[in-house]
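Descriptive structure summary
Next come the chains, spelled out residue by residue.
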Amino acid sequence: MPRSEAARPSSAVNAERWAAAHDRLVRTLVELIRIPSVNPPDPPGPELDAARAIAALLAASGVHATVYEPTPGRGSVVARLRGDGTGGEPLLLLAHLDVVPASADRWTHDPFGGEIADGYVYGRGAVDMKDLVAMEIEVVRMLADDARAAGLDPATDAIPGLRRDILLAVTADEEAGGLDGIGWLADHHPEHLRAAGALNESGGVSLEIAGRRLYPIQVAEKGYAVYKITVHGTWGHGSMPRPDNAAVMAAEAIRRLAVPGTPRVTPVMRTFFEAAAAALGGEAATLLRAMTSGDAGRAEAAIDRLCTPVYARAARALLRDTVSPNVIHAGVKYNVIPGEAVIEVDCRLLPGTDEPAMRAEIEVRLGPDLVAASTIELVTTMPPVVASIDSPLYRTLERAILDGDPDGIPLPVMAPFATDAKTLMRLGVPAYGFSPLRLAPEESYLERYHGVDERVGLDALRWGLPVLYDAVLRFCG
Ligand SMILES: [Zn+2]
């Protein structure tokens, strides 16, 4: 029998053990949320504390973990479970341990308290992404516990049933580009990252549309290019306004830059919309097909009709290269006409758009008059990444979702933002966003990212852990 049709590996784990694993997972998540591993770190330290806490949790199950501290106070942690080596390259379980800041005054629970209320674990990192950190740790611990129960040492012996190694890497600094986290590991210890494929954040989370649960698995993410545009005008006295006031010119530049671009349907998003349309049928299918019709007006109307505002923003971002002017500096004093203004622009690139093409688009939007009056500098850029959906790992993830929710619809999707997957792609390791959670229909998961009252449901975790366990065991077993 092919592996993909074999019984769910998780069915060999009894209910009592799943309950204990869930409880331990929640304790891990709470412990990690209580470590304020905020990025940018001020002062550094909590990221290292989090890495050490993870190493200690793994050590409690006999797993040897290594903590690296490339910059004082900032740590990443890696570990390896050995397979018997007959199954091919390892599977990498990747996660980041840093979080974005949270100001407690707008929260109903302490963002770093790890409080459990109303069926949720509250706290910064609950979905981005200490939840998956805790789930990945729990899968590793369950396998290590099995080995120890069989009289083996998981630090050195092969784990029974594993044919590939499992790598765990939980890194610092993802929220600021990853240079002090996965970037450093990729440069200095790529052996901890080299794998047949990686499981990473932000996919495999249920999204209910027209009464059906879709499980978008992230297989691609947009690239980015950040530009600093300096608009040159003429300094002067505020009492005598002039049209080449750099602030006025910058305002016009921003107006031109911020128009929505032309939609373009990439192969990943075409597959997503077509798979969703085929599964949903009815009016939803008509609307989903309209989104990829190439008719911008019909696509816009369909997005408004089918999507909540937050998902509408995501859909629009996934159908075009985006340009968001996010920083503006001009002026020194109220009565001095500024001769210079600076605009920082965040551009996100679809697969198929490279940085020179994005820059050309910026120049088209600005128009010849403003291009002539401006200096455009590239601040930073990373290309889009795409992992194959025609791969054993992707098919394993689909299978694991369907085993966990036979009515669910797994399908590939792109993320509008960037993750550590970009660095992995440099090593030739394809990354799949797979953080399986089954949410209540009314939940709006995307809004929880970096949001106020970030939280994850206990039931969602209870569903997700066996699904992640299945995915890992099906691929590695
Ligand atoms: Zn994240």
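Everything that follows concerns the structure shown earlier in this document.
These notes cover the structure that comes with them. Not measured: the values here are computed from a predicted model.

Quick look at the nonpolar core now. By size, the foremost hydrophobic cluster in this structure holds 106 residues, and its most contacted members are Ile54, Leu58, Leu81, Leu199, Phe434, Leu437 and Val472. Top contributing element to this core by residue count: helix H13 (residues 458-476), with 13 residues. Sequence-distant contacts of Val472, that is, excluding residues within four places in its chain, are made with Leu91, Leu93, Val139, Ile166, Leu199 and Gly477. Within the second largest apolar cluster, 22 residues are counted, among which are Cys347, Leu366, Leu370 and Ala373.

A separate point is the environment of His64. Its place among the elements puts His64 in the loop between helix H2 (46-59) and strand S1 (65-71). Beyond its immediate chain neighbours, meaning those up to four positions away, His64 contacts Val78, Ala79, Arg80 and Ala155.

This part is about empty space enclosed by the protein. What the rule picks out here adds up to two cavities of 30 Å³ or more. In this structure, the largest cavity encloses a volume near 70 Å³. Residue lining of the largest cavity: 13 residues in total, with Gln218, Val219, Val385, Ala421 and Ala431 positioned closest to the centre. Of all the elements in the fold, those that place two or more residues in the lining of the largest cavity are strand S9 (212-221), strand S16 (385-386), helix H12 (421-426) and strand S18 (431-433). Per-element accounting of the lining of the largest cavity gives the leading share, four residues, to S9. The class makeup of the residues in the lining of the largest cavity is nine nonpolar, three polar and one charged.

Bound to the zinc ion on the protein side are His96 (NE2), Asp128 (OD), Glu201 (OE) and Glu201 (OE), at distances that span 1.8 to 2.8 Å. The coordination sphere of the zinc ion comprises four donor atoms, whose angles at the metal cover 51 to 146 degrees; the geometry is irregular. Of note, the donors binding the zinc ion are all from one chain and are spaced H-x31-D-x72-E. With His96 in strand S3 (residues 91-96) and Glu201 in the loop between strand S7 (197-200) and strand S8 (207-209), the pair connects residues that are 105 residues apart, well separated along the chain. Exposure remark for His96: the relative accessible area of 1% places this residue in the buried category. On the basis of relative accessible area, Glu201 is assigned to the buried category, the value being 4%.

Cis geometry marks the peptide bond from Asp42 to Pro43, where omega comes out at -10 degrees. Secondary-structure assignment places Pro43 in the loop between helix H1 (15-33) and H2. Geometrically, the link from Asp128 to Met129 is a cis peptide bond, its omega value of -10 degrees lying close to zero. With respect to the helices, strands and loops of the structure, Met129 is situated in the loop between strand S5 (120-122) and helix H3 (130-149).

Those residues of helix H9 (residues 309-318) that fall on the buried side of the exposure criterion are Val310, Ala312, Ala314, Ala315, Ala317 and Leu318. Tucked into the core, H9 has its buried residues touching helix H6 (267-280), helix H8 (296-306), strand S12 (322-330) and strand S17 (409-415).

Tracing the backbone shows His109 in the loop between S3 and strand S4 (116-117). Within the local environment of His109, its side chain forms a polar contact with the side chain of Glu115, the two groups lying 2.7 Å apart. Residues contacting His109, with those up to four places away along its chain left out, are Glu115, Ala117, Tyr122 and Asp453.

Let's shift gears to the layout of surface pockets. Here the largest pocket defines a volume of roughly 1700 Å³. Looking at the largest pocket, it is lined by 49 residues, and the ones nearest its centre are Asp346, Arg348, Pro416, Phe417 and Ala418. Elements with a contribution of two residues or more to the lining of the largest pocket: strand S10 (223-232), H9, S12, strand S14 (340-349), strand S15 (374-382) and H12. Counting residues per element, the lining of the largest pocket draws most heavily on S12, which supplies six residues. Split into classes, the residues belonging to the lining of the largest pocket amount to 20 nonpolar, eleven polar and 18 charged. Here the second largest pocket is characterised by a volume of approximately 760 Å³. Taken together, 39 residues form the lining of the second largest pocket, with Leu207, Pro216, Tyr311, Ala314 and Leu446 sitting closest to its centre. When residues of the lining of the second largest pocket are traced back to their parent elements, those giving at least two are S8, S9, H6, helix H7 (282-291), H9 and S17. Examining the composition of the lining of the second largest pocket, we find that five residues originate from one element, H9, more than from any other. For the lining of the second largest pocket, the class distribution of residues is 28 nonpolar, seven polar and four charged.

Calculation rules
- Residues numbered from 1 in each chain as written.
- Predicted model: local features only at pLDDT ≥ 70, side-chain atom pairs only at ≥ 80, totals over all residues.
- Heavy atoms only, no water.
- Core = buried A, V, L, I, M, F, W, Y, C linked by side-chain atoms within 4.5 Å.
- Buried < 20%, exposed > 50% of the residue type's maximum accessible area, 1.4 Å probe, protein only.
- Helix = DSSP H or I, 4+ residues; strand = E, 2+ residues; numbered from the N terminus.
- Contact = heavy atoms within 4.5 Å.
- 1 Å grid on protein atoms, 1.4 Å probe; cavity = no way out; pocket = protein on both sides within 12 Å on 5 of 7 lines; lining within 4 Å.
- Points joined across faces, edges and corners; volume = space filled by probe spheres on them.
- Nonpolar A, V, L, I, M, F, W, Y, C, P; charged D, E, K, R; others polar.
- Donors = N, O, S within 2.8 Å, 3.2 Å for Na, K, Ca; no water.
- Tetrahedral: all angles 85-135°; square planar, octahedral: opposite > 155°, others 65-115°.
- Polar contact = N/O pair within 3.5 Å; in protein donor to acceptor, adjacent residues only side chain to side chain.

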